[in-house]
Amino acid sequence: MVNYRYLGNSGLKITEITYGNWLTHGSQVENDIATQCVRAALDAGISTFDTADVYANTKAEQVLGDALKGERRESLEIFTKVYWPTGPGGPNDTGLSRKHVMESINGSLTRLGTDYVDLYQAHRYDTETPLEETMQAFADIVRQGKALYIGVSEWTADQIREGAALAKDLGFQLISSQPQYSMLWRVIEDEVIPASKENGISQIVWSPIAQGVLSGKYVPGQAPPAGSRATDDKGGAKMISRFMNDDVLAAVQNLKPVADELDLTMAQLAVAWVLQNDNVAAALVGASRPEQVAENVKASGVRIPAELMAKIDEALGGVVER
Ligand code: NDP
């Protein structure tokens with residue numbers, strides 16, 4: 001089973017391994033496989049699910065809502081996000097204006113088949129809308145009961161501080177930040193994490209397996225395995241390309257002995273690694289097959305001793321982004 005952690009300075013408990021459906025549901029995988037992945041997540045003890053209105057241009061929310069139909073709503077934590085256009089466009093179909101936020105939440109709730117989401121997240125920071133306007137819209141959404149909690153994604157430390165202060169003035173709290181974080185991508189450590197800790201915010205980290213790269217299945221000099229994200233021409237290959245170079249792939253292969261010492265697969269080691277950070281509430285994993293979910297959840301509760309954390313740093317050498 002999967003351990004729970006508190007999300008920020010709130011009473012909400014979420015599974016420390018959370019399932020997300022970016023690039024997969026409504027896109028890379030067929031609906032029946034998507035449903036099997038959600039089923040595998042539920043069977044393994046995951047109760048927290050993350051999506052966004054923009055994933056597969058609204059289809060991912062619909063697929064997730066359908067796959068969760070029949071589950072007891074109180075036993076699930078459902079997260080979604082707002083920012084990008086999901087319709088034909090137009091000047092107001094984007095960003096964090098009051099208009100776009102208030103309209104977007106209604107579409108998300110309909111597609112997800114629920115009266116409320118547990119967490120509603122600003123997918124990016126909107127430099128064109130006054131932050132006061134966005135925060136007031138979020139405060140109203142919370143008061144209307146359409147979202148229980150509010151979070152942000154990929155905001156800088158200063159944006160988090162400013163947003164958290166405004167939220168407090170308006171009588172609610174920002175409780176989460178959703179950035180990219182993995183052994184290979186550690187850019188949040190110096191500024192975002194300290195700003196979050198100051199404000200009772202925790203991280204829900206995306207791509208903890210670096211989109212599959214940290215599973216070790218991509219070998220330098222060899223073609224990517226058939227059906228993997230690196231071969232997905234609907235967008236996956238482009239997204240993963242930043243990690244697909246021989247220096248990174250060769251360094252990742254050095255992690256195999258560390259995983260072996262802990263009797264873990266490399267994907268499990270990658271998930272366990274992000275969970276060593278006490279400001280991380282959840283590793284947000286994706287999957288294209290149910291077996292991957294079953295494998296990855298076994299990282300819950302794993303402690304990596306300090307000497308092996310040091311070996312990981314040594315193994316990755318200069319390829320870590322900070
Ligand atoms: P991961 O790093 O967990 O990568 C998941 C992919 O890696 C899978 O789809 C699969 O791809 C491969 N994989 C997973 N497990 C294994 C395994 N055990 N062995 C081999 N390959 C494996 O995370 P994602 O990049 O999918 O992101 C996770 C979630 O984070 C998203 O669904 C979304 O909810 C969120 N996210 C948020 C963003 C934001 O801006 N807030 C941006 C991006 C993601 P395959 O089999 O196809 O190779």
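Coordinates for the structure precede this section.
Residues numbered from 1 in each chain as written. Predicted model: local features only at pLDDT ≥ 70, side-chain atom pairs only at ≥ 80, totals over all residues. Heavy atoms only, no water.

Before we move on, can you summarise the nonpolar core with the specific residues and values?
Phe49, Tyr120, Val213 and Leu255 are the most contacted members of the largest nonpolar core, which totals 92 residues. Broken down by element, the residue count for this core peaks at nine residues, all from helix H10 (residues 266-275). Phenylalanine 49 has contacts with Thr18, Tyr19, Val38, Ala41, Leu42, Leu64, Leu68, Leu76, Glu77, Ile78 and Phe79, leaving out every residue within four places of it along the chain. (Core = buried A, V, L, I, M, F, W, Y, C linked by side-chain atoms within 4.5 Å. Buried < 20%, exposed > 50% of the residue type's maximum accessible area, 1.4 Å probe, protein only. Helix = DSSP H or I, 4+ residues; strand = E, 2+ residues; numbered from the N terminus. Contact = heavy atoms within 4.5 Å.)

With reference to specific residues and values, describe the side chain of arginine 73.
Note that arginine 73 resides in the loop between helix H2 (59-68) and strand E5 (77-82). Within the structure, the side chain of arginine 73 is placed 2.7 Å from the side chain of aspartate 118, a separation counted as a polar contact. (Polar contact = N/O pair within 3.5 Å; in protein donor to acceptor, adjacent residues only side chain to side chain.)

Which residues make up the packing of aromatic side chains, and what values go with them?
Under the definition given, this model contains seven aromatic pairs. In this arrangement the basic side chain of arginine 73 is found over the ring face of tyrosine 116, its NZ or CZ atom lying 4.0 Å from the centre. In this structure, arginine 242 is placed above the aromatic ring of tryptophan 185, and the distance from its NZ or CZ to the ring centre is 5.0 Å. (Phe/Tyr/Trp six-rings, centres within 6.5 Å; stacked < 30°, edge-to-face > 60°. Lys NZ or Arg CZ within 6 Å of the ring centre and 35° of its normal.)

Tell me about the sheet that holds strand E4 (residues 48-50), and name the residues and values.
Sheet architecture is closed into a barrel: eight strands sit in the order E3-E4-E5-E6-E7-E8-E9-E10, paired in parallel fashion. Direction aside, the axes of adjacent strands within the sheet are offset by 30 degrees on average. Contacts from helix H5 (residues 157-169) reach strand E7 (147-153) and strand E8 (174-178) within the one sheet, and its direction differs from that of E8 by about 155 degrees. Against the sheet, H10 makes contact with strand E3 (17-20), strand E9 (202-206) and strand E10 (280-285), and its axis sits at roughly 155 degrees relative to E10, the strand it touches most. (Pairing = 2+ DSSP bridges. Axes fitted to C-alpha atoms, helices over the stretch in contact; angles between N-to-C directions.)

Pulling in residues and values, what's your account of the pattern of salt bridges?
For the coordinates displayed, the defined rule picks out 17 salt bridges. Arginine 186 is the salt-bridge partner of aspartate 313, the closest N and O atoms lying 3.0 Å from each other. Of this pair, aspartate 313 sits in helix H12 (residues 306-316) while arginine 186 sits in the loop between E8 and helix H6 (192-198), placing them 127 residues apart in sequence. The class of arginine 186 is buried, set by a relative accessible area of 4%. For lysine 256, the salt bridge is made with aspartate 260, and the minimal N-O distance between the two is 2.8 Å. Placement of both lysine 256 and aspartate 260 in helix H9 (residues 256-261) is noted, with a separation of four residues, approximately one turn of the helix. Residue class for aspartate 260 comes out partly exposed when judged on its relative accessible area of 44%. (Salt bridge = Lys/Arg side-chain N within 4 Å of Asp/Glu carboxyl O.)

Residues and numbers for helix H4 (residues 131-143), please.
Within an α-helix, residues lying three or four positions from one another point in the same direction, as the helix has 3.6 residues per turn. When the terminal C-alpha atoms of H4 are compared, their 18 Å separation across 13 residues agrees well with the 18 Å that a helix rising 1.5 Å per residue should span. Those residues of H4 that fall on the buried side of the exposure criterion are Leu131, Thr134, Met135, Ala137, Phe138, Ala139, Asp140 and Ile141. The elements touched by buried residues of H4 are E5, helix H3 (98-112), strand E6 (117-122), E7, H5 and E8. Positioned one or two residues after H4, glycine 145 has a phi angle of 80 degrees, which is positive. (Expected span 1.5 Å × (residues − 1).)

Can you lay out the site of the ligand for me, pointing to particular residues and giving the numbers?
For the ligand, the set of nearby residues contains 34 residues, the closest of which are Gly20, Asp50, Ser207, Lys217 and Ser288. Between the ligand and tryptophan 22, the relevant distance is 2.9 Å, taken from an oxygen atom to a main-chain nitrogen or oxygen of the residue. The side chain of asparagine 296 places a nitrogen or oxygen atom 2.9 Å from a nitrogen atom of the ligand. Protein chains shield 97% of the accessible area of the ligand, which is 920 Å² for the free molecule. At the level of secondary structure, the elements contributing two or more residues to the shell around the ligand comprise E10 and helix H11 (290-296). With three residues, the top contributor of residues to the shell around the ligand is H11. Grouping the constituent residues of the shell around the ligand by class yields eleven nonpolar, 17 polar and six charged. (Near = heavy atom within 4 Å. Areas by Shrake-Rupley, 256 points an atom, 1.4 Å probe, with all protein chains shown as cover. Nonpolar A, V, L, I, M, F, W, Y, C, P; charged D, E, K, R; others polar.)

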